[in-house]
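# Architecture and fold: a report
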Amino acid sequence: MENDVIIKIKNLSKSYKGNLKPAVDDLSFSISRNEIFGLLGPNGAGKTTLISVLCGLYKPDKGTIFINGSDLHQHLKSLKKIIGIVPQDIALYPTLTAKENLLFYGNVYGLSRRYLDDKINECFAMLELENSKNKKINTFSGGMKRRINIVAGLLHNPEILFLDEPTVGIDIHSKKIIIDYLSGINKKGTTIIYTSHLIAEAEDFCTYIAIMNHGKIISEGKPAELIHRFENTKDLEEVFLQLTEKSIE
Amino acid sequence: MKAFFASIKKEVLVLLRDRAGLGILFVMPLALVIIMALVQDGPYQNFQKSEFPLIFVDNDKDTVGSVIEKNIRDAKIFRISKEFNGLPATEQVAKEAVSQGKFKAGVVVPAGLSKYLRKNARIIVAKTFSGRPVSEETLFKKPPDSMKIKYFLDPLTSFSFKNTIVYILEKSSSSLISQTITNKYYEHFENFYPVENKINFDSCRIIDIQEIDASSIYNANVVFNSVQHNVPAWTMFAIFFIFLPLAGSIIKERDYGTYIRLKFMPKSFSTVIAGKIILYTVVGCVQFIMMLMVGKYLLPAIGLPALVIGNSYLAISVIVLSASLAATAFGVLIGTFFSTHQQMVTFGSISVIILAAIGGIFVPIYIMSKTMAAVSKYSPLEWGLNAFNEIFLHNGNFFNIYIDALKLLLFSFAAFLLSLLYNKYKRIN
């Protein structure tokens with residue numbers, strides 16, 4: 001079952017009221033189990049909308065999403081249990097401590113207190129946050145907040161983890177800790193779907209990449225395949241520029 | 001249940017660490033009740049005690065003048081003065097004093113009015129015994145302007161105040177006329193045979209009136225004063241201001257992104273929102289208890305009357321819970337519909353002020369116009385206030401307030417339903 005499909009999307013479209021063009025336009029693709037699937041694209045390409053639809057936050061206008069063989073919108077509640085999400089925003093309560101935040105989210109998942117204590121301690125150790133457990137989030141640096149934000153999405157050991165720009169705006173040290181940690185959990189069996197503007201980071205981190213623009217996937221493949229597919233490109237950044245004809249912010 | 005209790009615990013922690021929110025919920029309402037009760041204590045007392053200054057000009061200096069002065073004094077709502085700025089009261093001086101707002105009213109009894117009354121009474125009696133036919137028109141001439149009792153009022157005085165003055169003057173005139181004519185009849189009959197019992201028929205209360213103190217039927221010794229109005233009224237206002245921290249916390253959840261994370265979670269989002277609803281409903285109840293304590297113990301300590309709360313604790317609990325739930329539902333609705341803090345604060349605050357104004361929080365409904373009194377029936381603040389008044393002033397029980405409680409619960413249900421539908425609509429669109 002190494003390379004079986006965990007997410008299968010067929011003819012998926014999603015439009016916002018008042019917008020003439022769909023944010024996601026008739027997409028069909030699959031994501032293999034245990035993949036680190038990078039979803040790249042310029043601003044407004046439709047990455048966040050696609051992730052929101054894949055997580056069940058928005059209903060698609062048309063198309064189907066199958067996760068582990070089950071229709072997402074028919075089995076939304078049960079499928080949410082195997083999905084973890086790390087939103088782009090620091091989705092934490094700033095006046096609560098790191099531990100209080102994680103205990104809250106863990107309890108909402110229905111996890112036991114003993115399990116949560118062990119999990120929190122383990123995550124804090126791996127993300128080098130042992131001394132910050134009982135500090136309020138509003139006293140943390142951007143990198144520390146991002147690390148806690150990731151832990152909050154992983155408390156229930158999800159099979160699939162969606163990461164929306166998990167390393168945006170943080171220092172190299174925090175970035176390395178996060179990428180190493182995510183690589184570790186992927187090795188333990190978690191499929192990762194990751195969006196980013198940071199093409200170089202995606203090239204190193206992802207095992208498979210899809211480049212989106214105007215709601216469509218314009219190219220996909222393993223990073224090395226993508227680079228070889230286009231002439232005069234030595235890295236993924238040049239591929240990206242060729243495909244999107246836009247500057248990277 | 002774990003998610004539900006976790007949500008309550010999280011809300012408690014967030015609220016306890018939000019000093020501004022705590023201030024809005026607990027300090028501001030207390031300040032509001034104390035200040036409003038103190039500010040309105042004067043006007044309420046004025047309405048009930050003899051505080052209205054009245055300038056009295058007695059040019060008659062005879063029976064009519066002294067009877068009118070006595071009747072005005074006996075009304076016990078006027079403070080009579082016969083001079084202004086060291087000058088003895090004349091018609092001109094009185095007019096000037098009232099126009100300057102120094103007196104609420106002026107009354108002028110013209111010179112010679114008692115003599116004019118006695119003369120006309122004698123003529124009326126003579127005419128009735130003259131043997132010639134008389135009618136009401138020929139019995140006496142209408143008095144000239146110089147013989148009319150005059151009164152003038154400060155334009156700021158109320159209609160009921162004017163009615164009180166007119167009533168006293170009318171009552172005094174009727175009594176004087178009947179008594180003077182009766183005396184003239186006695187004098188006429190004494191020409192033929194002695195009248196042994198000269199009775200003042202005015203004192204014969206063949207038809208009498210009796211005031212029954214409504215409070216003796218309901219709550220003993222309850223007077224509708226500043227405290228009885230302001231404590232429940234501003235408590236309702238404060239409870240509805242729960243919307244501010246509550247809707248603020250919903251908008252903050254969206255701003256922080258925690259809302260999105262919670263929406264992705266397997267537990268029903270309404271379970272998590274229920275934590276907010278429970279906490280803020282409890283906050284509303286705590287606010288009420290605090291306000292009650294202020295009304296019962298703090299306000300009397302600063303010279304105001306103590307709040308009387310009636311005897312039905314069941315009715316009080318039902319209405320406090322219903323009102324708190326309605327306020328919480330309103331907060332959830334506002335927090336759901338508005339996407340920015342500024343929109344929420346502006347719309348929410350103005351809405352609560354409008355609902356309070358039409359709901360009789362600022363001024364009691366009985367002094368509103370008919371139209372506004374009818375409109376007030378649609379304000380949830382009026383439902384709560386009406387129920388509190390029923391319990392506090394009329395010693396009402398559950399059966400006297402359950403309709404108001406039901407209205408508040410229906411309002412809550414409608415607001416929650418709208419919020420839920422709007423959330424679903426947003427998910428689809």
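Note that the structure is predicted; figures quoted are calculated from it, not measured.

What counts, and at which threshold
- Residues numbered from 1 in each chain as written.
- Chains lettered and ligands numbered in written order.
- Predicted model: local features only at pLDDT ≥ 70, side-chain atom pairs only at ≥ 80, totals over all residues.
- Helix = DSSP H or I, 4+ residues; strand = E, 2+ residues; numbered from the N terminus.
- Rg over C-alpha atoms; globule rule 2.2 N^0.38 Å.
- Buried ≥ 20, exposed ≤ 12 C-beta atoms within 10 Å, placed from the backbone.
- Contact = placed C-beta atoms within 7 Å.
- Nonpolar A, V, L, I, M, F, W, Y, C, P; charged D, E, K, R; others polar.
- Domains from an automatic or database assignment.
- Pairing = 2+ DSSP bridges.
- Axes fitted to C-alpha atoms, helices over the stretch in contact; angles between N-to-C directions.
- Right-handed = clockwise from strand over helix to strand, strands pointing away.
- Expected span 1.5 Å × (residues − 1).
- pLDDT = per-residue confidence, 0-100.

With that settled, the discussion passes to the overall build of chain B. Per the secondary structure count, chain B includes 17 helices and six strands. Rg of the C-alpha trace for chain B: 32 Å, well past the compact-globule value of 22 Å for 429 residues, more than 25% over. Its C-alpha atoms put chain B at 110 × 45 × 45 Å along the principal axes. Scored against the burial criterion, the 429 residues of chain B give a buried share of 38%.

A count of helical and extended segments in chain A gives nine helices and ten strands. Counting over 249 residues, chain A shows a buried share of 44%. Sequence separation of at least 24 residues holds for 72% of the intrachain contacts in chain A that already meet a minimum separation of 6.

The accessible area lost on association of the parts is a frequent measure of interface size. Counting from both sides, the interface comprises 25 residues of chain A and, opposite them, 23 residues of chain B. Elements with a minimum of two residues in the side of chain A that touches chain B: helix H2 (76–80), strand E6 (83–86) and helix H3 (98–108) of chain A. Here the residues of the side of chain A that touches chain B are counted per class, giving 15 nonpolar, three polar and seven charged.

In this section: the domain arrangement of chain A. Residues and elements named next belong to chain A. With domains assigned, chain A is organised as domain 1 (1–82 + 158–167 + 190–249) and domain 2 (89–157). Taken together, the contact between domain 1 and domain 2 spans five residues of the former and six residues of the latter. Split into classes, the residues belonging to the side of domain 1 that touches domain 2 amount to three nonpolar, one polar and one charged.

Residues and elements named next belong to chain B. Taken in spatial order, the four strands make up an open sheet running E2-E1-E5-E6, and their pairing is mixed. The sheet is open, and its two edges are formed by strand E2 (78–81) and strand E6 (150–153), each paired on a single side. The mean inter-strand angle of the sheet, taken between neighbouring strand axes irrespective of direction, is 20°. Bridging between strand E1 (residues 52–58) and E2 involves four bridges; their strand directions are parallel. Within E2, the position partnered with Leu-54 by the bridge is Ile-80.

Another point: the pairing of strand E7 (residues 160–164) of chain A. Residues and elements named next belong to chain A. Most of E7 is tucked away: five of the five residues are buried. Burial along E7 is two-sided: the face carrying Ile-160, Phe-162 and Asp-164 and the face carrying Leu-161 and Leu-163 are both buried. Where E6 lies against E7, four bridges are found, and the strand directions are parallel. Paired with Val-86 across the bridge in E7 is Leu-163. For E7 and strand E8 (residues 191–196), the ladder comprises five bridges, and the chain directions are parallel. Among the inter-strand pairings, Leu-163 is bridged to a residue of E8, identified as Tyr-194. Between the parallel elements E7 and E8, the chain passes through helix H6 (residues 172–187) in a crossover that is right-handed.

Taking 1.5 Å per residue, 13 residues should reach 18 Å; helix H5 (residues 142–154) of chain A reaches 19 Å between its end C-alpha atoms and fits that length. Most of H5 of chain A is tucked away: ten of the 13 residues are buried. Restricting attention to buried positions, one finds in H5 of chain A the residues Met-144, Lys-145, Arg-146, Arg-147, Ile-148, Asn-149, Ile-150, Val-151, Ala-152 and Gly-153 of chain A. In this structure, the buried residues of H5 of chain A make contact with E6, H3, helix H4 (113–126), E7 and H6 of chain A together with helix H11 (258–264) of chain B.

Here we take up the domain arrangement of chain B. For chain B, the assigned domains are domain 1 (2–45 + 224–428) and domain 2 (51–210). Each of domain 1 of chain B and domain 2 of chain B was reduced to a C-alpha centroid, and the two centroids are 54 Å apart.

Attention now moves to the confidence of the model for chain B. All names here are of chain B. In this model, chain B carries an average pLDDT of 86, and 93% of its residues clear a pLDDT of 70 or more. The weakest mean pLDDT in chain B belongs to helix H8 (residues 214–217) at 52; the strongest belongs to helix H13 (residues 313–337) at 94. For this predicted complex, the interface score ipTM comes out at 0.83, while the overall pTM is 0.73.

Time to look at the sheet that holds strand E4 (residues 62–67) of chain A. All names here are of chain A. As summarised here, the arrangement of the four strands in space is E2-E1-E4-E5, forming an open sheet in which the pairing is antiparallel. The strands lining the two open edges of the sheet, one partner per strand, are strand E2 (24–32) and strand E5 (70–71). Relative to E5, E4 runs antiparallel, the two sharing two bridges. The residue bridging Ile-67 from the neighbouring strand is Ser-70, located in E5. On top of the sheet, helix H1 (residues 47–54) reaches strand E1 (5–14), E2 and E4; it is set at about 115° to E1, its chief contact.

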